[in-house]
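Report on the structure
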Amino acid sequence: MSPRKKETPKSFEENMARLEEIVALLERGDAPLAGSLALFEEGTKLSALCAGLLDEAEQKVVKLQKGPDGEPVELPFDTEE
C-alpha cells in the first residue's frame, strides 16, 4: 500500500473556474439525474469554500481600530489617519 499524497489546496481562481464549469454543465441540462445531483453537491461545496476564502481575504484587508466610544471600528486597510 503506497502512502496517499496530500492534495495541495486549490486556489480561489481554480475553485471558481470549476464552479463556473459546473454551472454551465447544469444549465445545459443534458446530464443524467444522478450526475446532476453529484455536480450540484460539488458546486455547493465549492461555493461554500469560495465564500470562506473571500471572508478570509476580507479579514486580512480590514484592520480594527478603536472608535471614539472604545469599540472596534472596521476601516479599509489603506485608510491612514
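Please refer to the structure placed before this passage.
The rules behind these values
Residues numbered from 1 in each chain as written. Predicted model: local features only at pLDDT ≥ 70, side-chain atom pairs only at ≥ 80, totals over all residues. Heavy atoms only, no water. Helix = DSSP H or I, 4+ residues; strand = E, 2+ residues; numbered from the N terminus. Buried < 20%, exposed > 50% of the residue type's maximum accessible area, 1.4 Å probe, protein only. Contact = heavy atoms within 4.5 Å. Areas by Shrake-Rupley, 256 points an atom, 1.4 Å probe, with all protein chains shown as cover. Polar contact = N/O pair within 3.5 Å; in protein donor to acceptor, adjacent residues only side chain to side chain. Salt bridge = Lys/Arg side-chain N within 4 Å of Asp/Glu carboxyl O.

Counting its regular elements, the chain contains two helices and two strands. Secondary structure elements of the chain, listed N to C terminal, follow the sequence α-α-β-β. A total of 81 residues make up the chain; the buried ones form 12% of that total. A fraction of 31% describes how many contacts in the chain between residues 6 or more apart in sequence connect residues 24 or more apart. As presented, the chain carries roughly 7100 Å² of accessible surface, and 59% of it is formed by carbon and sulfur atoms.

Take the side chain of S36 next. You can see S36 is positioned in helix α2 (residues 33-61). A distance of 3.5 Å separates the side chain of S36 from the backbone oxygen of A31, its partner in a polar contact. Leave out the neighbours within four places in its chain, and S36 touches L26 and A31.

Here we take up the pattern of salt bridges. Side chains that differ in charge, positive against negative, can pair when their charged atoms come close. Scanning all chains against the criterion turns up four salt bridges. Taking the shortest distance from any N to any O, the salt bridge between D30 and R28 comes out at 3.5 Å. Judged by relative accessible area, which is 53%, D30 ranks as exposed. When salt bridges that share partners are traced, they join R18, E21 and E42 into one network.

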